[in-house]
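Each chain, letter by letter, is given below.
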Amino acid sequence: MFKDSFKYYKSRNPKPSFEEVLDFTNSSSWTNKVKSVSINSDNFTKTFDLIDPSAWEAFEILDRPGFIYIKNPFTSIGQRYWIRQAIEEYTKKPNKLNIDIHSLVPLEQNWWDYAKQDKSVLKKLRWSTLGYHHNWDTKIYSDQAKNTFPDNLSRLCYTFAQALGYDFKAEAAIVNFYHLDSTLAGHTDHSEEYLDAPLFSFSFGNSAVFLLGGLTIDEKPTAVVIHSGDVVIMSKESRLSYHAVPRIVKTEKQMWNDFNCESDVPLDSELRMYTSQSNFNEFQDYLEGLRINLNVRQVLPHGQLNLIGTVPNKDI
Ligand code: SIN
């Protein structure tokens, strides 16, 4: 069942119908299929990248308990900031990239800097890993393959965790780079030692059809369109569910360029410069054919410091 839906939405000829796809920008597609999720804004500290939580729209799909969708809570400056971070910062060493093994980029250079002179590497990037590096072959994390998790991404997750009442520590992330013809096959995320923690997923750039199934591939999945800025949380019953991305959909509305509802970031600030049109043009060009997904997980149970399950004794 899962594979049939994947094939259906992946197909270029014939093109799939989107009739059964939940699109949170079109309420007729989800009426009676979702319920609102309440957001706790008590401890929210205003940041440049997010609108006030009192204006967030969050939903849980009724027959997919634990799957929470928050409709783009980012400001446009916020979207541009995270897009630049993902492309420029999260692809720098010591983070790991799928292209590392092919030695396409000289060791002393970063992928993004190198891509300015050799554009062929742009399309070759598929993922980078942060914190505990995901091992694509063994699916087992290792204390020997980990780097410091980016503080800004950890804080972003903390904000969402607080708003939804979760205790969460960001320890591993996969940044997926999808091109217009990319897909991600059905899988579950079960490598983490602590599976009670939710998984936070932030998407930017072009849209995607996301399939969320059940605990086996025999269940027909629910299809949801994910747009730029949308946040998805897989928790509880949905944390171990099969999911996939069969199709990237070119967006008609580039939310990161929609400066209608702008924040109060001072015009002369570093952040304005960082996200200004002239500094964003090269990212914009790449983004025309790109979708970015930052997929963040907690690996260890709270209080545990490494993977072997024991907290090392302190020398006395
Ligand atoms: C993933 O499951 O790793 C990525 C999901 C997404 O791209 O939305």
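Every chain is numbered on its own, with residues counted from 1 as its sequence reads. Confidence filtering applies because this is a predicted model: local features only for residues at pLDDT of at least 70, side-chain atom pairs given and counted only at 80 or more, and all residues used for totals across whole chains, interfaces and linings. Only hydrogens and water are set aside when side-chain values are computed; all heavy atoms of the structure are taken into account.

This paragraph deals with the sheet that holds strand β12 (residues 243-249). The 4 strands lie next to each other as β7-β12-β9-β10, forming an open sheet whose pairing is antiparallel. Strands at the two margins of the open sheet, each flanked by one partner only, are β7 (184-187) and β10 (222-226). Across the sheet, the mean angle separating the axes of adjacent strands is 25° when strand polarity is ignored. Note: strand β9 (residues 207-212) against β12, 5 bridges, orientation antiparallel. Note that in β12 the partner of L212 across the bridge is H243. Against the sheet, helix α1 (residues 2-10) contacts β7, β9, β10 and β12, and its axis sits at roughly 10° relative to β12. If DSSP finds at least two bridges between two strands, the strands pair. The way it works is that DSSP assigns letters per residue, a run of H or I at least four long becomes a helix, a run of E at least two long becomes a strand, and they are numbered from the N terminus. Lines fitted to the C-alpha atoms define the axes, with helices restricted to the stretch that makes contact. Angles between their N-to-C directions range from 0 to 180 degrees. The contact rule is simple, with two residues in contact once any of their heavy atoms fall within 4.5 Å.

It is worth spelling out the pairing of strand β8 (residues 199-205) at this point. Categorising residues by exposure relies on relative accessible area from a 1.4 Å probe, with only protein chains included: less than 20% of the type maximum marks a residue as buried, more than 50% marks it as exposed, and the intermediate range marks it as partly exposed. Along β8, 7 of the 7 residues are buried, which leaves the element largely enclosed by surrounding structure. Examined bridge by bridge, β8 and strand β13 (residues 290-297) share 6 bridges and lie antiparallel to one another. Looking at the pairing, F202 lines up with L294 of β13.

Before going further, it helps to examine the site of the ligand. Lining the immediate surroundings of the ligand are N176, Y178, L184, H187, F210, H243, V245, R291, N293 and N295. Polar contact is the term for a pair of N or O atoms within 3.5 Å; when the atoms are in protein, one must be able to donate a hydrogen and the other to accept it, and sequence-neighboring residues count only if both atoms are side-chain atoms. The contact in question runs from an oxygen atom of the ligand to an N or O atom on the side chain of Y178, over 2.5 Å. With respect to the ligand, the side chain of H243 contributes an N or O atom lying 3.0 Å from an oxygen atom. Each accessible area is a Shrake-Rupley result for a 1.4 Å probe, and residues are judged covered by the shown protein chains and nothing else. Burial of the ligand by the protein chains amounts to 96% of its free accessible area of 260 Å². Secondary structure elements with two or more residues in the shell around the ligand: β6 (172-179), β7, β12 and β13. Here the element with the most residues in the shell around the ligand is β13; it accounts for 3 residues. By residue class, the composition of the shell around the ligand is 4 nonpolar, 5 polar and 1 charged. We define proximity as follows: a residue is near a molecule or strand when any one of its heavy atoms falls within 4 Å of that partner. Under the convention adopted here, Pro, Cys and the residues Ala, Val, Leu, Ile, Met, Phe, Trp and Tyr are nonpolar, Asp, Glu, Lys and Arg are charged, and Gly plus all remaining residues are polar.

A few words now on the pattern of salt bridges. Put simply, a salt bridge is a Lys or Arg side-chain nitrogen that is within 4 Å of an Asp or Glu carboxyl oxygen. The final tally for this structure, using the stated rule, is 14 salt bridges. The salt bridge involving D113 is made with K116; its shortest N-O contact spans 3.7 Å. In this structure, the salt-bridge partner of K123 is D181, at a minimum N-O distance of 3.2 Å. Taken together, the positions of K123 in the loop between α3 (111-115) and β5 (127-131) and D181 in the loop between β6 and β7 put the pair 58 residues apart, joining distant regions of the chain.

We now examine the nonpolar core. Nine residue types can take part in a nonpolar core, namely buried Ala, Val, Leu, Ile, Met, Phe, Trp, Tyr and Cys, and a core is a set of them joined through side-chain atoms within 4.5 Å. Residues I87, W111, L153, F200, F202, I292 and V296 are the most contacted members of the largest nonpolar core, which totals 58 residues. When residues of this core are assigned to their parent elements, the largest contribution, 7 residues, is made by helix α4 (residues 151-164). Not counting the four nearest positions on each side in its chain, I87 is found in contact with W111, W112, F177, F283, Y286, L290 and I292. Within the second largest apolar cluster, 19 residues are counted, among which are V34, Y69, L199 and M234.

So far we have only geometry, and geometry alone does not tell us how the molecule works.
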